[in-house]
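This is what each chain is made of:
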Amino acid sequence: MEAQKKIWMDGKLVDWDDAKIHVLTHGLHYGMAVFEGIRAFSTPEGTAIFRLDEHIERFLNSAMIYRMDLGYSGKELADACVELVRNNPAKECYIRPIAYTSYGEMGLNPLKSKISVAIASWVWGAYLGADSTGRGVRATISSWVRIDSRTMPVQAKCAANYANSALAKMEALSGGYDEAILLNPQGMVAEGPGENIFRVKDKVLSTPPASSGILRGITRDTVIQFARDLRIMFRRNDATKEELYTSDEVFFSGTAAGIAKVREIDGRRIGYNGTPITDKIAKLYDQTVHGKAKRYSKWLTPVKP
Ligand code: PY5
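Here we summarise the structure given alongside this text.

Conventions used here
Residues numbered from 1 in each chain as written. Predicted model: local features only at pLDDT ≥ 70, side-chain atom pairs only at ≥ 80, totals over all residues. Heavy atoms only, no water. Helix = DSSP H or I, 4+ residues; strand = E, 2+ residues; numbered from the N terminus. Rg over C-alpha atoms; globule rule 2.2 N^0.38 Å. Buried < 20%, exposed > 50% of the residue type's maximum accessible area, 1.4 Å probe, protein only. Contact = heavy atoms within 4.5 Å. Areas by Shrake-Rupley, 256 points an atom, 1.4 Å probe, with all protein chains shown as cover. Lys, Arg positive; Asp, Glu negative; His and termini not counted. Charge placed at Lys NZ, Arg CZ, Asp CG, Glu CD. Pairing = 2+ DSSP bridges. Salt bridge = Lys/Arg side-chain N within 4 Å of Asp/Glu carboxyl O. Near = heavy atom within 4 Å. Polar contact = N/O pair within 3.5 Å; in protein donor to acceptor, adjacent residues only side chain to side chain. Nonpolar A, V, L, I, M, F, W, Y, C, P; charged D, E, K, R; others polar.

### Looking at the overall build of the protein chain
Right, so step 1: Along the protein chain, the regular secondary structure elements total seven helices and 17 strands.
Right, so step 2: Relative to a compact globule of 305 residues, whose C-alpha radius of gyration would be 19 Å, the protein chain shows 19 Å and is just as compact.
Right, so step 3: Taking the principal axes of the C-alpha coordinates as reference, the protein chain spans close to 55 × 45 × 30 Å.
Right, so step 4: Taking all 305 residues of the protein chain together, 53% fall into the buried category.
Right, so step 5: Of all intrachain contacts in the protein chain linking residues separated by at least 6 positions in sequence, the fraction that spans at least 24 positions is 70%.
Right, so step 6: Just so you have it, the protein chain exposes about 14,600 Å², and 52% of that area is on carbon and sulfur atoms.
Right, so step 7: When the 41 basic and 35 acidic side-chain charges of the protein chain are each reduced to a single mean position, those positions are 4 Å apart.

Written out as structure tokens, the structure reads:
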């Protein structure tokens, strides 16, 4: 990672190298941290943040679920993201707000800890690599089952959830794949470790419903709105892994990953006859985030002073 200039910490912009925390920070030990992943893109009018309000709303909901009082309003946090990006050199970047239980108490009761909030930004290319926008990535169904909402709230973007994601990711990589696909405890397709998943069968686009135990992705919502506007038939429905294997097209969606094509799942070739629907959506996504689709300019928050 290349250092940027500033990181926002508890209300102030501090120098990149000074954004440090104590090793006994409570959240580091017990996973009590909620975070967001947001991107800023360059547009003809300068750098702009994509769907900032929706990301901040999800951040506040994650904090609320974990009973964390952030001490900042949504507007203050959104303004802090803008201020940070404006003060850092990158024209396109990934933005990571995080709230965590701070240093001071070590017991399992997080309610005794002060909550700290930080926002960092850095340059992050295509999360699943160059193949994700070209010929597609290779995925495998994980032996790890996606966490269940009876165990942890899956809608809260909590650091603890990502232990499950990391296990699936490591297993996929060590098997020679690029990414994992997790099933839920009912055996239905849930999502990737850090991405939602879509499939196309007989010209119908579909994705698992929120009740399948996924994170309700903001990119997922963007794709759903695109499908409506492009008049692509769309359904939210559960799918088994063999329904994925026999799909005409499969792709991941996420802030880090963007629209990432899947070309193979467990040795089964996907997209044999081209990927026209994925390509249409990926193209519109690219135009939208770069401020070249007027209809969606409401989703862009300009960063310029
Ligand atoms: N599902 C999970 C488990 C995720 O972590 C993410 C985002 C998504 C779906 C997609 O959500 P959205 O479209 O709102 O981004 N993952 C983070 C991201 O910034 C972290 C990835 C390392 O993309």
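### A look at the pairing of strand β12 (residues 204–207)
Right, so step 1: Burial along β12 is two-sided: Val-204 and Ser-206 and Leu-205 and Thr-207, pointing in opposite directions, are all buried.
Right, so step 2: Where strand β11 (residues 196–201) lies against β12, three bridges are found, and the strand directions are antiparallel. Looking at the pairing, Lys-201 lines up with Val-204 of β12.
Right, so step 3: What sits between β11 and β12 in their antiparallel hairpin is a turn of two residues, with Asp-202 showing a positive phi close to 50°.

### Looking at the pattern of salt bridges
Right, so step 1: For the structure on display, the rule yields 16 salt bridges.
Right, so step 2: When the shortest N-O distance is used, the salt bridge between Arg-135 and Asp-131 registers 3.4 Å.
Right, so step 3: Judged by its relative accessible area of 29%, Asp-131 is partly exposed.
Right, so step 4: Each member of the salt-bridge network shares a partner with another, and the members are Arg-51, Glu-54 and Asp-221.

### Remarks on the site of the ligand
Right, so step 1: By nearness alone, 18 residues border the ligand, and Tyr-94, Tyr-162, Glu-191, Thr-219 and Thr-255 come closest of all.
Right, so step 2: At a separation of 2.4 Å, an oxygen atom of the ligand approaches a polar side-chain atom of Tyr-94.
Right, so step 3: Within the side chain of Tyr-162, a nitrogen or oxygen atom sits 2.4 Å from an oxygen atom of the ligand.
Right, so step 4: Out of a free accessible area of 520 Å², the ligand has 95% covered by protein chains.
Right, so step 5: Listed by contribution, the elements that provide at least two residues to the shell around the ligand are α5 (218–229) and β14 (249–254).
Right, so step 6: Of the residues in the shell around the ligand, the class split is six nonpolar, eight polar and four charged.

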